[in-house]
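Listed below are the residues making up each chain.
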Amino acid sequence: QVQLVESGGGLVQAGGSLRLSCAASGRTFSNYAMGWFRQAPGKEREFVAAISGNGGSTYVADPLKGRFTISRDNAQNTVYLQMNSLKPEDTAVYYCAATQRLRRSVLAGTNRNEYNYWGQGTQVTVSS
C-alpha cells in the first residue's frame, strides 16, 4: 500500500508557473512508477506525465512537452510536476498516481487503469 498526497495547486495567471508535489508514504517509494493525470470539469481524466521508479525514464504527454516536467526525489518520497507557461486550458484537478513495477527503470503507461493508487487531487486554476 502507498498513500499519496498532492500539494502546490492554486490560482495563477496565464504565463505563470506552478510546481506540484506528491508526497508518498508506505512501502518503498522507488518500487513505484509514478504518474500525473488531470481532469477538467466535464472532461475525462487525462494523462500528463510519467516517471520510472529510479527517475531515469520520464515521459510527458506530447501536447505538454516543453512546458511540463516530471521529476522525483526518492530520498524525500516525493514526485514533482513543474508546470511553466501555463494556459487557461491547463485548469484542472491534478492527480498523482502510483503503480508497482518489478524493475525500477520501467515506466508505467498513459492509461489510468494501470495505476493502483491515487491521491485526492489538487486544483490548478489558470486565469487569462
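Residues numbered from 1 in each chain as written. Predicted model: local features only at pLDDT ≥ 70, side-chain atom pairs only at ≥ 80, totals over all residues. Heavy atoms only, no water.

1. Quick word on the sheet that holds strand β3 (residues 18-26)
Strand order in this open sheet of 4 strands is β1-β3-β8-β7, and the pairing throughout is antiparallel. One side of each edge strand has no neighbouring strand; the edge strands of this open sheet are β1 (2-7) and β7 (68-73). With strand direction ignored, the average angle separating the axes of adjacent strands in the sheet is 20°. The pairing of β1 with β3 spans 6 bridges and is antiparallel. Each bridged residue has a counterpart across the sheet, and for V5 the counterpart in β3 is A23. (Pairing = 2+ DSSP bridges. Helix = DSSP H or I, 4+ residues; strand = E, 2+ residues; numbered from the N terminus. Axes fitted to C-alpha atoms, helices over the stretch in contact; angles between N-to-C directions.)

2. Some words on the packing of aromatic side chains
As enumerated under the stated definition, the model contains 7 aromatic pairs in all. Measuring from centroid to centroid gives 6.0 Å for Y32 and Y117, while their planes differ by 75°, and the two rings are edge-to-face. With a gap of 85 residues between them, Y32 in strand β4 (residues 32-39) and Y117 in strand β10 (residues 117-118) connect regions that are remote in the sequence. On the basis of relative accessible area, Y32 is assigned to the buried category, the value being 1%. Relative to Y115, the ring of F37 lies with its centre 5.2 Å away and its plane at 80°, an arrangement referred to as edge-to-face. Residue F37 is located in strand β4, and its partner Y115 is located in the loop between β9 (92-100) and β10; the two are separated by 78 residues in the primary sequence. Each member of the pair, F37 as well as Y115, is classed as buried. Here the guanidinium or amino end of R45 rests over the ring plane of Y95, the centre of that ring lying 3.7 Å away. Seen from the ring of F29, R72 lies directly overhead, with NZ or CZ sitting 4.3 Å from the centre. (Phe/Tyr/Trp six-rings, centres within 6.5 Å; stacked < 30°, edge-to-face > 60°. Buried < 20%, exposed > 50% of the residue type's maximum accessible area, 1.4 Å probe, protein only. Lys NZ or Arg CZ within 6 Å of the ring centre and 35° of its normal.)

Such coordinate-based values are descriptive only and should not be taken to indicate function.
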